[in-house]
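Overview (structure and organization)
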Amino acid sequence: MTSPPLLRIIIADDHPVVRIGASSVIEKNGVGIVVAEASSASELMDMLKAHPCDVLVTDYSMPGGDQADGFAMISMIRRHYPDLPVVLLSVANNLAILRMVVSTGVQGLVDKASSMEELPQAILAVHRKQAYLSRTLSPKEVEVLRLLGAGQTVKEIALHLHKSVSTISRQKGDAMLKLGLKGDAELFDYLRDSKL
């Protein structure tokens, strides 16, 4: 039985240490090979033209070019490569970035402050067209979201976990804030899509 072909990955970050670390984790875990690296937005656009790839791992904002602003860069990538799975390396507690991730169709976010060991999981998830969000939520918040996703109400979760309704409401609200979600409709869309 032959193993599946390795994913071709481009890494873009203006910090060489981040690129080296990401490459090392990717290749060590056997999820893919790094076919190109870029240190600026304009260099990234050149690399995307020159090297076919299966997944892009990129910082949100890098110096250089008209796309130095992260939103403009991501928007341009989505326009030119609408089907390319993208994993953003960023600080996941930045709410503006989280909302942008959801709005542009970027499927993955790995928090730079957390372990790069999450990166292979994120790459595999987005390649399978699944969302991946860095584990920045507390275990209690994840449990509340999981139970909400299973159809329980805040009151039922409070009874189930032997907590007050106000505690569960706060954990739900904190999780939504960290995920950049506004309102229950966005929350339930997220829970359905993330299969939490």
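Residues numbered from 1 in each chain as written. Predicted model: local features only at pLDDT ≥ 70, side-chain atom pairs only at ≥ 80, totals over all residues. Heavy atoms only, no water.

The next point concerns the overall build of the protein chain. Each helix and strand in the protein chain was counted, giving nine helices and six strands. The burial tally for the protein chain puts 45% of its 196 residues in the buried class. Sequence-distant contacts in the protein chain: of pairs separated by 6 or more residues, those separated by 24 or more amount to 58%. Put simply, the protein chain shows about 9,900 Å² of open surface, and 58% of that area lies on carbon and sulfur atoms. (Helix = DSSP H or I, 4+ residues; strand = E, 2+ residues; numbered from the N terminus. Buried < 20%, exposed > 50% of the residue type's maximum accessible area, 1.4 Å probe, protein only. Contact = heavy atoms within 4.5 Å. Areas by Shrake-Rupley, 256 points an atom, 1.4 Å probe, with all protein chains shown as cover.)

Once that is clear, we can look at the side chain of Asp-54. Assignment of secondary structure puts Asp-54 in the loop between helix H2 (41–50) and strand S3 (55–59). Using a relative accessible area of 19% as the deciding quantity, one classes Asp-54 as buried. Discounting chain neighbours no more than four positions away, the residues touching Asp-54 are Leu-6, Leu-7, Arg-8, Leu-84, Pro-85 and His-127.

Turning next to the sheet that holds strand S4 (residues 86–90). One open sheet holds the six strands; their spatial order is S2-S1-S3-S4-S5-S6, and the pairing between them is parallel. The strands lining the two open edges of the sheet, one partner per strand, are strand S2 (32–38) and strand S6 (132–133). Relative to S6, strand S5 (residues 108–111) runs parallel, the two being bridged by two bridges. When the sheet's bridge partners are listed, Gly-108 is paired in S6 with Tyr-132. Contacts from helix H1 (residues 16–28) reach strand S1 (7–12), S2 and S4 within the one sheet, and its direction differs from that of S2 by about 165°. (Pairing = 2+ DSSP bridges. Axes fitted to C-alpha atoms, helices over the stretch in contact; angles between N-to-C directions.)

Our next topic: the pattern of salt bridges. Side chains that differ in sign of charge can pair as their charged atoms come close. For the structure shown, the criterion picks out four salt bridges. A salt bridge links Arg-8 to Asp-54; the nearest nitrogen and oxygen atoms lie 3.1 Å apart. Here Asp-54 lies in the loop between H2 and S3 and Arg-8 lies in strand S1, a separation of 46 residues in the sequence. A residue is classified by how much of its surface remains accessible, and Arg-8, at 33% relative accessible area, is partly exposed. One salt bridge in this structure joins Glu-37 and Arg-19, with 3.2 Å as the shortest N-O distance. On the criterion of sequence distance, the pair formed by Glu-37 in strand S2 and Arg-19 in helix H1 is long-range, its members being 18 residues apart. (Salt bridge = Lys/Arg side-chain N within 4 Å of Asp/Glu carboxyl O.)

With respect to the secondary-structure elements, Pro-63 resides in the loop between S3 and helix H3 (70–80). By relative accessible area, which is 46% here, Pro-63 ends up partly exposed. With 23 residues separating them in the primary sequence, Pro-63 and Ser-40 have C-alpha atoms 5.4 Å apart.

So, about unusual backbone geometry. Its identity as a non-glycine residue notwithstanding, Lys-129 has a phi of 65°, on the positive side. Phi is positive for His-162, close to 60°, though the residue is something other than glycine.

This next bit is on the pairing of S3. Burial of S3 is extensive: five of the five residues sit out of reach of the surface. Going residue by residue along S3, you find Val-55, Val-57 and Asp-59 tucked away on one face and Leu-56 and Thr-58 tucked away on the opposite face as well. Pairing of S1 with S3, which is carried by four bridges, proceeds in the parallel orientation. Bridging from a neighbouring strand, Ile-11 pairs with Val-57 of S3. Where S3 and S4 come together, four bridges link them in parallel fashion. Of the residues in S4, the one forming a bridge with Leu-56 is Val-86.

Right, let's talk about helix H8 (residues 165–179) for a bit. If you check H8, its first and last C-alpha atoms are 21 Å apart, about what 15 residues at 1.5 Å a residue would give, namely 21 Å. Listed in full, the buried residues belonging to H8 are Thr-167, Ile-168, Gln-171, Lys-172, Ala-175, Met-176 and Leu-179. (Expected span 1.5 Å × (residues − 1).)

What follows deals with the packing of helix H6 (residues 139–149) against H8. The N-to-C vectors of H6 and H8 enclose an angle of 95°; their axes lie 9 Å apart at closest approach. The orientation of H6 with respect to H8, classified from their angle, is roughly perpendicular. In this structure, H6 contributes Lys-140, Glu-141, Val-144, Leu-145 and Leu-148 to the contact, and H8 contributes Ile-168, Gln-171, Lys-172, Asp-174, Ala-175, Lys-178 and Leu-179. Split into classes, the residues belonging to the contact of H6 with H8 amount to six nonpolar, one polar and five charged. (Parallel < 35°, antiparallel > 145°, perpendicular 65-115°, else oblique. Nonpolar A, V, L, I, M, F, W, Y, C, P; charged D, E, K, R; others polar.)

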